[in-house]
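# Overview (structure and organization)
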Amino acid sequence: MGMGMGMVIGNEMGREKRRVMGIILMVLITKISWGESRMVGGISECSTVTAQVSACSTFITYGAPDPIPGSPCCDAVVGLNAIASDSVDNRRSLCGCLMGLIANDTPNATAISTLPGFCGISLGFNLDPNTDCNLVDVGGI
């Protein structure tokens, strides 16, 4: 009986170790793919922005709960801002992609436009239909 219990504990530890290794591998793959994206021009496709903003889907769809700094939603918005802050092209691309999301998701445009404020950051441009993304620079407009 003692031997069987030791095998069960050992088996559980092995399963936990595999789970932790899987999580570590997933984080590394994510970091590598972000690094590659950044090296080839940061925000080169709106799919990157859409994928990040999807972390805010509950708020965008239902208007609640409000995102707070440190939440997955705000972490995604802060991450986009960090990528976009290194060049004018990246900031303009972010602006254009977010404006596209707002235009395509009109019922929830207000929710999307409030994300930076809830997350405690400034994107350097206003998220409203009158913003001309061609005028956005690294410091904002």
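Here we summarise the structure given alongside this text. (Residues numbered from 1 in each chain as written. Predicted model: local features only at pLDDT ≥ 70, side-chain atom pairs only at ≥ 80, totals over all residues. Heavy atoms only, no water.)

## Topic: the overall build of the protein chain
A tally of regular secondary structure across the protein chain gives six helices and zero strands. The secondary structure elements of the protein chain, listed N-terminal to C-terminal, are α-α-α-α-α-α. Looking at the protein chain residue by residue over its 141 residues, the buried ones come to 30%. Put simply, of all contacts in the protein chain between residues at least 6 apart along the chain, 68% involve residues at least 24 apart. (Helix = DSSP H or I, 4+ residues; strand = E, 2+ residues; numbered from the N terminus. Buried < 20%, exposed > 50% of the residue type's maximum accessible area, 1.4 Å probe, protein only. Contact = heavy atoms within 4.5 Å.)

## A few points about the packing of helix H4 (residues 72-84) against helix H5 (residues 88-104)
It is at 7 Å that the axes of H4 and H5 come closest, and there the two elements cross at 140°. Overall, the two elements H4 and H5 adopt an arrangement that is oblique. Contacts between H4 and H5 involve Leu80, Asn81, Ile83 and Ala84 on the former and, on the latter, Asn90, Arg91 and Leu94. Broken down by class, the residue content of the contact of H4 with H5 amounts to four nonpolar, two polar and one charged. (Axes fitted to C-alpha atoms, helices over the stretch in contact; angles between N-to-C directions. Parallel < 35°, antiparallel > 145°, perpendicular 65-115°, else oblique. Nonpolar A, V, L, I, M, F, W, Y, C, P; charged D, E, K, R; others polar.)

Structural measurements only, silent on function.
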